[in-house]
Amino acid sequence: MSLIKNSPSWAVDEHKMFADSTRRLFDAEMAPKIEKWAEQGIVDRDFWKTVGQQGVMGGSIAEEYGGFGGGIGFDAITVYEQGRTGDTGWGYGIQSIVIHYLNAYGSEEQKKKWLPKLVSGDSVAAIAMTEPGTGSDLQNVQTYAEKDGNHYKINGSKIFITNGHTADLVVIVAKTDRNAGAKGVSLIVLETEGAEGFRRGRNLKKLGMKGSDTAELFFEDVRVPTANLLGPEEGQGFYQLMKQLPWERLMIGITALGFIDFAIDETVKYVQDRKAFGSRIMDFQNTRFKLAECKTKAELLRSFVNDGLARLEAGELDAATASMAKWWGSQTQNEVMHECLQLHGGYGFMMEYPIARLYADSRVQMIYGGTNEIMKELIARSMDV
């Protein structure tokens, strides 16, 4: 299976070659390490550099910043192939989002300073968005940044931050005007090395995605140069976040497809080999019907996310369509994991089988990037005109 197996309109020969080389790389360098990363709760930094050297993270970034100047389709392939390998530990999705924030809103100086290291894997990025008291309600974040000469002093805390323990760069969502609501939100980039007052909390223990380091972050009078503000002026952060959310949400749908393809393949292999009552599990009508349903859902999702990618490449992906990809993709992912685990029987409950890990890893897809309930509300708003 492949994201581009049906030759979608946005894909060209370079995408197919990139997909093949990325799959080979992940099979060799990612797949054997998934269990190790889950046990230690973090992805080895060497892996970031390995994939960076192969150009996996720079597909959509201009050559002058370390990439090779393609479109966002290359990022989509990377996301899909990670899911297709069965991994949730490597925090590339967040890396990609930060790269696109910088590419879209960074000054020339900021791009030259930060993008090459993110593309090469020498730096890892995080987004400090969610707070203990504010989940999807980004307008009401409490973390704030006060000007102090040519610096900001940042105070507040964040939670559930992917790459939180490894991040060298943290894009902080903070209020630069606490009385202006959404118009008071800004994005400020913190370089974590040597940053006084910046503290990482514990590596949070999660139901799934155990290889992904997820942390609490604390800011106590952390001084950040005002030159690290993203965009030409304060108060642009909420707009910047909303502008980039369609990619983040479409990416969740693409990730879902990768996991679905992996789960179906693993389950087909299992039911072809496993026997009960003298027959292969695959030969039972219920098995065949359930797998047919899963396969149909996979192909519907493949068509939908590829249409979304074509729209995104053309600058036409709207918030409602991206929300559809996010909620329906993640919902479908969880439905397929349920059916595939059931077809494994008792072995599906054993962590030595990938389907058990995928079942746990899939649940959060319906929560982050905006809960599925929020997605449905956004879609409904687009209808109520």
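In this numbering scheme, every chain counts its residues from 1 along its sequence in written order. Where local features are concerned, this predicted model is filtered to residues with pLDDT of at least 70; where side-chain atom pairs are given and counted, the filter is 80 or more; whole-chain, interface and lining totals use all residues. Heavy atoms throughout the structure, all of them, feed into the side-chain values; hydrogens and water do not.

### Quick word on the overall build of the chain
So, point 1. For the chain, the count of helices and strands is 11 helices and nine strands.
So, point 2. Our radius of gyration looks at C-alpha atoms and nothing else; its globule reference is 2.2 Å times the residue count to the power 0.38. Against the globule reference of 21 Å for 385 residues, the chain gives a C-alpha radius of gyration of 21 Å, in line with a compact fold.
So, point 3. For the chain, the spread of C-alpha atoms along the principal axes amounts to about 80 × 45 × 40 Å.
So, point 4. Taken over 385 residues, the chain has a buried fraction of 54%.
So, point 5. The contact definition used throughout considers only heavy atoms, calling two residues in contact when any of these lie within 4.5 Å. Across the chain, every contact between residues at least 6 apart in sequence was considered, and the portion connecting residues at least 24 apart equals 73%.
So, point 6. Shrake-Rupley sampling with a 1.4 Å probe provides the accessible areas, and residues are treated as covered by the protein chains on show and by no other component. Of the accessible surface of the chain, which amounts to about 17100 Å², a share of 49% is contributed by carbon and sulfur atoms.
So, point 7. His is not counted, nor are the chain ends; Lys and Arg add positive charge and Asp and Glu add negative charge. The location of each charge is read from NZ of Lys, CZ of Arg, CG of Asp or CD of Glu. Side chains of the chain carry 43 positive and 51 negative charges; the gap between the two charge centres is 3 Å. Secondary structure elements are taken from DSSP: a helix is a run of H or I of four residues or more, a strand is a run of E of two residues or more, and numbering for both begins at the N terminus. Between buried and exposed lies partly exposed: a residue is buried under 20% and exposed over 50% of the maximum accessible area for its type, with that area taken using a 1.4 Å probe on protein chains only.

### What about the nonpolar core?
So, point 1. As used here, the term nonpolar core means buried Ala, Val, Leu, Ile, Met, Phe, Trp, Tyr and Cys residues forming a set that is joined through side-chain atoms within 4.5 Å. By size, the foremost hydrophobic cluster in this structure holds 79 residues, and its most contacted members are Leu3, Trp90, Tyr101, Ile254 and Leu309.
So, point 2. A per-element tally of this core places helix H7 (residues 237-273) first, with 13 residues.

### Observations regarding the environment of Arg84
So, point 1. In this structure, Arg84 sits in helix H4 (residues 73-85).
So, point 2. Among the residues examined, Arg84 registers a relative accessible area of 15% and is labelled buried.

### Description of the UniProt feature "domain: Acyl-CoA dehydrogenase/oxidase N-terminal" (unreviewed entry) in the chain
So, point 1. When the UniProt feature table is mapped to this numbering, "domain: Acyl-CoA dehydrogenase/oxidase N-terminal" (unreviewed entry) covers residues 13-122.
So, point 2. Helix makes up 66% of residues 13-122 and strand 0%, whereas the separation of the span's terminal C-alpha atoms amounts to 29 Å. UniProt positions are given in the numbering used here, feature names are shortened, and annotations may be inferred rather than shown by experiment.

### What to know about unusual backbone geometry
So, point 1. In this model, Ser7 sits at a positive phi of 50°, which is unusual for a non-glycine residue.
So, point 2. Counting through the fold element by element, Ser7 comes out in the segment before helix H1 (13-29).
So, point 3. On the accessibility criterion, Ser7 (44% relative accessible area) is partly exposed.
So, point 4. Although it is not a glycine, Asn163 adopts a positive phi angle of roughly 70°.
So, point 5. Take Asn163: it is sitting in the loop between strand S3 (151-162) and strand S4 (169-175).

### Observations concerning the packing of helix H5 (residues 92-105) against H7
So, point 1. Helix axes use the C-alpha atoms of the stretch in contact, all axes being lines fitted to C-alpha atoms, and the angles between their N-to-C directions lie in the range 0 to 180 degrees. At their nearest, the axes of H5 and H7 sit 10 Å apart, and the two run at 145° to each other. Read as a crossing pair, H5 and H7 show a hand that is right-handed. Two secondary-structure elements touch here, H5 through Gly93, Ser96, Ile97, His100, Tyr101, Ala104 and Tyr105 and H7 through Gln240, Leu241, Lys243, Gln244, Trp247, Glu248 and Met251.
So, point 2. Residues were grouped as follows: Ala, Val, Leu, Ile, Met, Phe, Trp, Tyr, Cys and Pro as nonpolar; Asp, Glu, Lys and Arg as charged; and all remaining residues, including Gly, as polar. When its residues are assigned to classes, the contact of H5 with H7 shows seven nonpolar, five polar and two charged. Two helices crossing with the near one rotated counterclockwise from the far one by less than a right angle form a left-handed crossing, whereas a clockwise rotation gives a right-handed crossing.

### Let's talk about the side chain of Glu248
So, point 1. Inspection of the secondary structure assignment puts Glu248 in helix H7.
So, point 2. Ignoring anything within four residues of it in the chain, the contact list for Glu248 reads Ile97 and Gly369.

### Structural notes on the state of the cysteines
A covalent bond between the sulfur atoms of two cysteines is what we call a disulfide.
So, point 1. Count a disulfide wherever a pair of cysteine sulfur atoms falls within 2.5 Å. Here the structure, examined in full by the defined rule, presents zero disulfides.
So, point 2. Of the cysteine sulfurs around Cys294, a residue in no disulfide, the closest is that of Cys340, at 4.6 Å.

### A word on the packing of aromatic side chains
So, point 1. When two rings of Phe, Tyr or Trp (its six-membered ring) have centres within 6.5 Å they constitute a pair, described as stacked for plane angles under 30 degrees, edge-to-face for angles over 60, and tilted for the intermediate range. Within this structure, the stated rule accounts for 12 aromatic pairs.
So, point 2. Plain terms: the ring middles of Phe47 and Trp90 are 5.4 Å apart, the flat faces sit at 85° to each other, and that makes the pair edge-to-face. Of this pair, Phe47 sits in helix H3 (residues 45-53) while Trp90 sits in the loop between H4 and H5, and the two are 43 residues apart along the sequence.
So, point 3. Given the relative accessible area of 2%, Phe47 is considered buried.
So, point 4. Given the relative accessible area of 2%, Trp90 is considered buried.
So, point 5. Ring plane angle 50° and centroid distance 5.5 Å describe the contact between Tyr347 and Tyr353, whose orientation is recorded as tilted.

### Topic: the side chain of Gln110
So, point 1. Summarising the element assignment, Gln110 is placed in helix H6 (residues 108-120).
So, point 2. Polar side-chain contacts of Gln110 include one of 2.7 Å to the backbone oxygen of Ala227.
So, point 3. Gln110 has contacts with Tyr105, Leu115, Ala227, Asn228, Leu229 and Leu230, leaving out every residue within four places of it along the chain. Here a polar contact is recorded for every N or O atom pair within 3.5 Å, except that within protein the pair must consist of a potential hydrogen donor and a potential acceptor, and residues adjacent in sequence are included only if both atoms are side-chain atoms.

### With respect to the pairing of strand S5 (residues 185-191)
So, point 1. Here S5 lies mainly inside the structure; six of its seven residues are buried.
So, point 2. The pairing of S4 with S5 spans seven bridges and is antiparallel. Directly across from Lys175, in S5, lies its bridge partner Val185. Here, strands pair whenever DSSP counts at least two bridges between them.

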